[in-house]
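# Reading the structure
Here is how the chains run, residue by residue.
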Amino acid sequence: MATLARLQARSSTVGNQYYFRNSVVDPFRKKENDAAVKIQSWFRGCQVRSYIRHLNRIVTIIQKWWRSFLGRKQYQLTVQVAYYTMMMNLYNAMAVRIQRRWRGYRVRKYLFNYYYLKEYLKVVSETNDAIRKALEEFAEMKEREEKKANLEREEKKRDYQARKMHYLLSTKQIPGIYNSPFRKEPDPWELQLQKAKPLTHRRPKVKQKDSTSLTDWLACTSTRSFPRSEILPPINRKQCQGPFRDITEVLEQRYRPLEPTLRVAEPIDELKLAREELRREEWLQNVNDNMFLPFSSYHKNEKYIPSMHLSSKYGPVSYKEQFRSENPKKWICDKDFQTVLPSFELFSKYGKLYSKAGQIV
């Protein structure tokens, strides 16, 4: 206990002495630390620089070997290309020499061979003579056939004429015009009339009236697409009892042809077509609207006359404003105008109404 009491009494003096000794040692410790850091930095720098020099030497060696490999490879490719080029030039020269020898031999043997050409012309002339003879025989045969056909045609024509004039044949009481009593022998037409048979009269074919079918009625291809009662009914026929109408009147009302309005008959883009036509006529006034600048100064003082289409200061847009101007701010709604229904849709729409009306009536 006494020792503990002494230590507790000396604690303050011990703490002061410890603080004083540490404060005296701190400058020397910092100086030694800085010196150690400087020595370590110098040593490590020497190590890094030596390692970098080592790496540089190694990289230089690797690059030297790699570049030498690439150079040798490129040189080998160059040598191969030169070798192939030399061989191709040699082959071409040899081919030209072979072709020259072969063409000379061919020209001397076949093209300018006198005896061979003489034999060839002889064979050609003999072949031409045979062909000419065959063609002449064929032409004679065709001529004979044509003459025979003409004779047959004339014979048929004379036979038809004799059948037509068979009533001029002479009888026992009255001689005909071709059998004159003042002649020794009758005319050849008299003998032809005796051989021929009289021509019978053919009845004319009655043209049947075109009967329109149901598809023609629906399509309304003509104004007479609906049936009409052309034959009158018998007089003693009784009328139908009740509020019934005649069938022709009902069909005439049901299948009445359409009468399109002016809006349907005229095209919708009539205004656009008129603009294009007017613009085309104005463009015809001048051949070219680009100013011509010649090489010489002869036409330098002449004034360029533009066309009417480009003379306006407002440009070609003014045509649209002349015919029709649009102001989207005054539009009531954003929807476009509805197009006019085609004629088929109009007919299908109003045809149903007509059919319903006919059924009600």
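Residues numbered from 1 in each chain as written. Predicted model: local features only at pLDDT ≥ 70, side-chain atom pairs only at ≥ 80, totals over all residues. Heavy atoms only, no water.

### Observations regarding the side chain of Glu-190
Under the convention used in this document: Working definition: helices are DSSP H or I runs of at least four residues, strands are E runs of at least two. Numbering for both runs from the N terminus. The buried label goes to any residue with under 20% of its type's maximum accessible area, the exposed label to any with over 50%, and the partly exposed label to all in between, with areas taken from a 1.4 Å probe on protein chains only. The criterion used for residue contact is that any of the two residues' heavy atoms lie within 4.5 Å.
One can find Glu-190 in helix α3 (residues 188-195). Note on Glu-190: relative accessible area 1%, which makes it buried. Beyond its immediate chain neighbours, meaning those up to four positions away, Glu-190 contacts Leu-169, Ser-170, Tyr-178 and Asn-179.

### Description of helix α5 (residues 247-254)
Basically, it comes down to this: As used here, the arc belongs to the directions running from the helix axis to the C-beta atoms.
Along α5, the residues that are buried comprise Thr-248, Val-250 and Leu-251. Along the long axis of α5, the arc covered by the buried residues comes to 160 degrees, so they all point the same way.

### What to know about a negative patch on the surface
To keep it simple, the criterion reads: Each patch is built from residues lacking any salt bridge and having more than 30% relative accessible area; the joining distance is 9 Å for like charges and 5 Å for nonpolar side chains (Val, Leu, Ile, Met, Phe, Trp, Tyr). In this description, accessible areas are obtained by the Shrake-Rupley approach with a 1.4 Å probe, and a residue is regarded as covered only by the protein chains that are shown. One side-chain nitrogen of Lys or Arg within 4 Å of one carboxyl oxygen of Asp or Glu is enough to make a salt bridge. None of His or the chain ends enter the tally, which takes Lys and Arg as positive and Asp and Glu as negative. Charge positions come from single atoms, namely NZ of Lys, CZ of Arg, CG of Asp or CD of Glu.
A cluster of acidic residues, Glu-266, Asp-269, Glu-270 and Glu-276, forms a negative patch at the surface. Within the fold, Glu-266 resides in the loop between α6 (262-265) and α7 (270-283). With relative accessibility at 40%, the residue Glu-266 sits in the partly exposed group.

### Re the packing of aromatic side chains
Cut-off, in case you're wondering: Within 6.5 Å between ring centres, the rings of Phe, Tyr and Trp (the latter by its six-membered ring) count as paired, and their orientation is classed by plane angle as stacked under 30 degrees, edge-to-face over 60, tilted in between.
Tallied over the full model, the rule gives four aromatic pairs. Measuring from centroid to centroid gives 5.8 Å for Trp-102 and Tyr-105, while their planes differ by 40 degrees, and the two rings are tilted. Highlighted residues: Trp-102 and Tyr-105, both in helix α1 (residues 2-111), separated by three residues, approximately one helical turn.

### Structural notes on the nonpolar core
As a reminder, the rule being used: In this text, buried Ala, Val, Leu, Ile, Met, Phe, Trp, Tyr and Cys residues form a nonpolar core when linked through side-chain atoms within 4.5 Å.
Of all hydrophobic cores here, the largest spans five residues; its members are Ala-162, Met-165, Tyr-178, Leu-193 and Ala-196. The residues touching Ala-162, leaving out its near neighbours within four places in the chain, are Trp-189, Gln-192, Leu-193 and Ala-196.

### Some points on the confidence of the model for the protein chain
Rule in force here: Along the chain, pLDDT gives the predictor's confidence residue by residue, from 0 to 100.
The share of residues in the protein chain with pLDDT of 70 or more is 67%, and the mean pLDDT across the chain is 76. By mean pLDDT, the top-scoring element of the protein chain is helix α2 (residues 114-164) (91), and the lowest-scoring one is helix α10 (residues 343-360) (46). Long-range and interchain partners of residues 223-227, a stretch whose pLDDT sits below 50, account for 14 contacts in this model, where long-range means more than four residues apart. Residue range residues 317-323 is modelled with pLDDT below 50. Its contacts to residues more than four positions away, or to other chains, number 10 contacts.

### Some points on a nonpolar patch on the surface
Together, Trp-102, Tyr-105, Tyr-110, Leu-111, Phe-112 and Tyr-116 line one region of the surface with nonpolar side chains, adding up to about 710 Å² of accessible area. Ranked by residue count, the leading element in the nonpolar patch is α1, at four residues. Tracing the backbone shows Tyr-110 in helix α1.

### Some thoughts on the pattern of salt bridges
Side chains that differ in charge, positive against negative, can pair when their charged atoms come close. Taken as a whole, this structure holds four salt bridges when the rule is applied. A salt bridge links Glu-143 to Lys-147; its shortest N-O distance comes to 3.8 Å. Note that Glu-143 and Lys-147 are positioned in helix α2 at a spacing of four residues, about one turn of the helix. Residue class for Glu-143 comes out partly exposed when judged on its relative accessible area of 42%.

### Focus: the packing of α2 against α3
Just so we agree on the cut-off: To obtain an axis, a line is fitted to C-alpha atoms, over the contacting stretch when the element is a helix, and the angle between two such axes runs from 0 to 180 degrees between their N-to-C directions. Orientation categories follow fixed angle ranges, with anything under 35 degrees roughly parallel, anything over 145 roughly antiparallel, 65 to 115 roughly perpendicular, and all other angles oblique.
Where α2 meets α3, the closest approach of the two axes is 9 Å, and the angle between their N-to-C directions is 80 degrees. Here α2 is positioned roughly perpendicular relative to α3, judged by the angle of their axes. Contacts from Glu-155, Arg-158, Asp-159, Gln-161 and Ala-162 of α2 reach α3 at Trp-189, Gln-192 and Leu-193.

### What about α1?
Because each turn of an α-helix spans 3.6 residues, side chains separated by three or four positions end up pointing in the same direction. For the record, the criterion: Think of it this way: the bend at a residue is just the angle between two axes, each fitted to seven residues, one set ending at that residue and the other starting at it.
The axis of α1 is deflected most strongly, by about 45 degrees, at Ser-11. Along α1, the positions that sit buried rather than exposed are Gly-45, Met-87 and Gly-104.

### Looking at the side chain of Ser-170
Worth spelling out the cut-off: Contacts described as polar in this section are N or O atom pairs within 3.5 Å, which, within protein, must combine one atom able to donate a hydrogen with one able to accept it, while residues neighboring in sequence count only if both atoms come from side chains.
Position of Ser-170 among the secondary structure elements: in the loop between α2 and α3. By relative accessible area, which is 17% here, Ser-170 ends up buried. Polar side-chain contacts of Ser-170 include one of 3.4 Å to the side chain of Asn-179. A polar side-chain atom of Ser-170 sits 2.7 Å from a polar atom in the side chain of Glu-190. The residues contacting Ser-170, other than those within four sequence positions of it, are Pro-175, Gly-176, Asn-179 and Glu-190.

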